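The chain contents come next:
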Amino acid sequence: MLSHSSPSFSLYHCSSSLTATAPAALLRPTFSISKLHFYPLNTFKSRKRHSSLIISMESHSSAAVDSISQDLKNQKIENNNDIRNNDFDSESDGVNNKVKLKLEELKWDHSFVRELPGDPMTDLLPREVLHACYTRVSPSVEVEDPQLVAWSHSVFELLDLDSKEFERPDFPLIFSGASLLVGMMPYAQCYGGHQFGMWAGQLGDGRAITLGEVLNSKSERWELQLKGAGKTPYSRFADGLAVLRSSIREFLCSEAMHSLGIPTTRALCLVTTGKYVTRDMFYDGNPKDEPGAIVCRVAQSFLRFGSYQIHTSRGKEDLDIVRTLADYTIHHHFPHLENISKSDSLSFNTGEGDGSVVDLTSNKYAAWAVGVAELTASLVAHWQGVGFTHGVLNTDNMSVLGLTIDYGPFGFLDAFDPSYTPNTTDLPGRRYCFANQPDIGLWNIAQFTTTLSAAKLINDKEANYAMERYGTKFMDEYQAIMTRKLGLQKYNKQLIGDLLKNMAVDKVDYTNFFRLLSNIKADPTIPEDELLIPLKAVLLDIGKERKDAWTSWVQSYIQELSSSDISDKERKISMNSVNPKYILRNYLCQSAIDAAEQGDYEEVRRLLKVMESPYDEQPGMEKYARLPPAWAYRPGVRMLSCSS
């Protein structure tokens, strides 16, 4: 059995054990990497500063420039009518697309089913599904007069759909799974994963059913998936259903995160089923009936780390499936890695003192692993910048495309608390608390690279290099984000570290503080007793000692700003473009849920509209930027269980 050692960040005082129990094939070889520290304690110091891989899509042979993940986010395949694209940016929304299709005119494709091994059985009985990446199943949820709760115009545009299609009387029937369109080929994916650090074996789509892949006019491939559509062989002892409460949260947060500029799965629409679902929300033995609902999720792929782990865990017989699945992923989602050419600039010394070199051009799987590591690091850095806590960062909830996926008991920071976890199940150890997310991201990458190593796709040095790139990429991205949030010209570790310490001591509202910070003037002559006036709305109930601490910090901040030639007006515009005024606070979700459970969906739609422009002032919508009311701290609002 291989020995296991996991790299870790030093994270405030929110500590938890990151060891895991897993099959031997999933344990990492001993791994040595520089100690990574998360703000505000220290800065990551790599053994050697590396360039990383960017491949020119025109020539497939460019030299290394800056970062793999940036290329993967921006790539566009234009030659040979290539249908493969991995553009995560807002340009992919199809805003200028003139094509307006009816639902029956959507162009369906089924590469996942066509190119990967499937389950020969189609029954819905809970069972272990061997030697297969998916099972063909149809939605089985019972519906009775399903109703459309909300829809996303931008996702309609992404799919080239005419926005009036949501007015069709059969629209709720189609997207509840009760009336499938010609061309759909539904299936549930097989995957496994580590849950709270422990290997959980087979998991899979227990209530999510993919309808197929839609090819839009830009040759982008978008997978449509119904969450809550009924049982599959992966449902275990669950009913395969979802409730309105959790479905509203997933629908709204998918679209809110996209508008914040954070890579995420999307949501086309949300419908009720007209049936009730029994849930024990607090796991306290008091179940109740709740309205059922279904979200139509949209992503270029729902492949997770666990999609590969499950096959490695089953031993040598299924290792070829890992390779097949990796080839499929690279071909459709990282196509530029298939034809990279030899280049000395893409070879890197491992820094281990033995002259070892990692050549990313000689092994597409190594280049892919580094790409996944950097995409993941960039994603987590953006979460930290906006104050988002996922809540359930199991390896089955980690996208290989670097997307935020599976919105369960998530939460945005209100008062700045590094130890905050929105998941009641996570309370004993706070493994998935806000401050631990960078560490967990790296731990999950370690499990992913171990899987590829076990399948003989990468060697130990390549695996270690991917993890090192995660650390470097995370700190580069995080420092750049925090520098922009403060309107600075360069990263100031001391200034930012002191700020976060002060915010933690006084439990300052994370979002509102940074929004108000742009009102500070770069004027060293401002009287000391007036320095905190722009921040008075967030510095509440602080005594003289804390007031002095904040005054000292603002003085240092102004001194730093004064060294720049950027005007206060220009800086404010720039800061407001990265510091949102509106975030999807849990209490806002709950208000919309309370109304929707009474049959009033207007607050869901209104909240969606506000969250579509989080950086704009939106006059008249100021109430959506308010601090949480007292009732927001009741059970089931600020913190939630996984029951959904």
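Residues numbered from 1 in each chain as written. Predicted model: local features only at pLDDT ≥ 70, side-chain atom pairs only at ≥ 80, totals over all residues. Heavy atoms only, no water.

- Naming follows an unreviewed UniProt entry, where the protein appears as Selenoprotein O of Olea europaea subsp. europaea.
- The Sequence similarities (unreviewed entry) field of the UniProt record for the protein holds the comment "Belongs to the SELO family."
- UniProt lists a comment for the protein under the heading Cofactor (unreviewed entry), and it reads "Mg(2+)". (UniProt positions renumbered as here; feature names shortened; annotations may be inferred.)

## Focus: helix α6 (residues 305-313)
- Across the 9 residues of α6, 8 count as buried, placing the element largely inside the fold.
- Among the residues making up α6, those that are buried are F305, G306, S307, Y308, Q309, I310, H311 and T312.
- Looking at the packing, one finds that the buried side of α6 touches β6 (187-189), β7 (192-195), β8 (198-202), α7 (319-333), α8 (364-386) and α9 (437-454).
- Backbone geometry just after α6 places G315 at a positive phi near 95°. (Buried < 20%, exposed > 50% of the residue type's maximum accessible area, 1.4 Å probe, protein only. Helix = DSSP H or I, 4+ residues; strand = E, 2+ residues; numbered from the N terminus. Contact = heavy atoms within 4.5 Å.)

## Considerations on the pattern of salt bridges
- What the rule picks out here adds up to 33 salt bridges.
- For the salt bridge of R127 with D119, the shortest nitrogen-to-oxygen distance reads 2.8 Å.
- Its relative accessible area of 18% is what places R127 among the buried residues.
- With a closest N to O distance of 2.8 Å, E290 and R245 form a salt bridge. Separated by 45 residues along the polypeptide, E290 in strand β12 (residues 288-299) and R245 in helix α5 (residues 244-260) bring together distant segments of the chain. Residues E290 and R245 agree in their burial class; the two are buried.
- Connected through shared salt-bridge partners, D109, R114, E115, E213 and R221 make up one network. (Salt bridge = Lys/Arg side-chain N within 4 Å of Asp/Glu carboxyl O.)

## Digging into the pairing of β7
- Pairing between β7 and β8: 3 bridges, direction antiparallel. Along β8, the bridge assignment pairs G192 with Q202.
- Linkage of β7 to β8, two consecutive antiparallel strands, is achieved through a turn of 2 residues, within which F196 is found at a positive phi near 55°. (Pairing = 2+ DSSP bridges.)

## Concerning the confidence of the model for the protein
- Across the protein, pLDDT averages 86, with 83% of residues at or above 70.
- Segment residues 1-13: pLDDT under 50, and 46 contacts once partners within four positions in sequence are set aside and those in other chains are kept.
- Within the model, the stretch residues 69-95 combines pLDDT values under 50 with 73 contacts to residues more than four positions away or in other chains. (pLDDT = per-residue confidence, 0-100.)

## Points about the environment of E477
- Summarising the element assignment, E477 is placed in helix α10 (residues 460-485).
- Note on E477: relative accessible area 15%, which makes it buried.
- In the structure, E477 is positioned 99 residues away from S378 in sequence and 6.1 Å away in space, judged by C-alpha atoms.
- In this view, E477 contacts S378, A381 and H382; residues no more than four positions away in its chain are not counted.

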